[in-house]
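# Per-entry structural report
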Amino acid sequence: MTPDFSMMPCLVKLTFEECTKLVEVHESVGQLKSLVWLSLKGCAKLEKLPDTIFQLTSLKPSGSSKLTCCSAYVHDVLPDPCCQRKTQLELIDDTIEELTETFTRWENLEALILNCRSLKSLLVGVGKLPKLKVLEVFENLKILCVNGDPMDVTPSFPYLPCLEKLMLTNCKELIEVHESIGSLKKLQFLKISGCTMLARLSDNICELRSLTSLDLKGCVNLSSLPEQLVDHMELLEELCLDRTGIGSLPAALIAKLPTSLWSLSIKNSQPLKSIPESPISSLFKGMSNNDFFELKSTTSLRASTSWEFMDALPISCCESVLKLYFTNERIEKLTDSIGLFEHVESLTLRCKMLKALPDSIGQSKNLEDLIVKCHTLALFD
């Protein structure tokens, strides 16, 4: 414990740094009416500050809506009432690498300024600040995860120059991603998932040149993508559009998909009305192992979707497939388009409700293996 401060009324600056065994600050600290500086940096065992800290009027811990902390330990040990009264917090600490869950106590925080050179992750706490409007993070932050935040617009991103991974998940009221997202030149992974009110993406998202993975899963009101989405994404490897409202893939977008792309997933989205004819072969090239379909080289197709999507595949794609594995537990009938897979050598149909096979399946002259796993299959059409 610190000493009794009652006999030090003129104290202006108080520093206890790297006091690794300090667990308690004496309650008389509240009598230091002239104190303007308090540092407890590196006091790892300190669990809380006495409630008398509210009496430090020169530090303005209770009379002001703004608080500046020069040590992460200070904001960790502040009493809950102090945290709940603050709307602005500036943290200056070059040693901290990750925020702790104590940030959930700052429930009325509207502005958060983190001047922390070693900070690398914001995985906890920040996403549970319902009133946060301004987020400024300096220097080295690489990961930002916001889950379940009621915000309708994301904070501005210019203060995150080193950000590599951004996750916005289950933000049910989010309707806009701030246009400054295009400034994240080092961003490699972007996940905007379960944001059910999001209807459009800022065109500036097209400027994410370092992006390798884009996941928009569960954004059910997202009905279109910017045509310039992948103009500069030469490193893009994964694109997930599962459970979105997207009903068509723009030809201009498909034509520009980079050769680095190996996974495109459109599982349980709106039925695709069409897929562009000419560019689709480049889309398939080199792809493999994803939820929507699995392609090994350009000859093996594994699909779990509606047959309407298969109908939308251009002839050039069907002709290249030698092995086809199709799964759909609700489908009752296949269309004649199955005959377009005329070079297929192995065909597996896993469809519990399928009642008949179309005669056009006979057009597959090279078919060697036909495996049908269907409980209700009775005849050929």
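Scroll up to find the structure this text is about.
Residues numbered from 1 in each chain as written. Predicted model: local features only at pLDDT ≥ 70, side-chain atom pairs only at ≥ 80, totals over all residues. Heavy atoms only, no water.

Before going further, it helps to examine the overall build of the protein chain. Counting its regular elements, the protein chain contains six helices and 20 strands. The buried share among the 381 residues of the protein chain stands at 48%. Once local pairs closer than 6 in sequence are excluded, the contacts in the protein chain between residues at least 24 apart make up 42%. As presented, the protein chain carries roughly 18,100 Å² of accessible surface, and 49% of it is formed by carbon and sulfur atoms. (Helix = DSSP H or I, 4+ residues; strand = E, 2+ residues; numbered from the N terminus. Buried < 20%, exposed > 50% of the residue type's maximum accessible area, 1.4 Å probe, protein only. Contact = heavy atoms within 4.5 Å. Areas by Shrake-Rupley, 256 points an atom, 1.4 Å probe, with all protein chains shown as cover.)

In this structure the tally under the stated criterion is one salt bridge. One salt bridge in this structure joins Lys355 and Glu332, with 3.7 Å as the shortest N-O distance. Here Lys355, found in the loop between β17 (346–350) and β18 (356–357), pairs with Glu332, found in the loop between β16 (323–327) and β17; they are 23 residues apart in sequence, far enough to count as distant. The exposure class of Lys355 is partly exposed, given its relative accessible area of 43%. (Salt bridge = Lys/Arg side-chain N within 4 Å of Asp/Glu carboxyl O.)

Once that is clear, we can look at a negative patch on the surface. There is a patch of like negative charges on the surface, built from Asp152, Glu173, Glu176 and Glu179. Positionally, Asp152 belongs in the loop between β8 (143–147) and β9 (165–169). (Patch = residues over 30% accessible without salt bridge, like charges linked within 9 Å, V, L, I, M, F, W, Y side chains within 5 Å. Lys, Arg positive; Asp, Glu negative; His and termini not counted. Charge placed at Lys NZ, Arg CZ, Asp CG, Glu CD.)

Time to look at the side chain of Ser364. On the secondary structure map, Ser364 appears in the loop between β18 and β19 (369–373). Reaching out from Ser364, the side chain makes a polar contact with the backbone oxygen of Phe341 at a distance of 3.2 Å. Those residues in contact with Ser364 that sit more than four places away from it in its chain are Ile338, Phe341, Glu342 and Val344. (Polar contact = N/O pair within 3.5 Å; in protein donor to acceptor, adjacent residues only side chain to side chain.)

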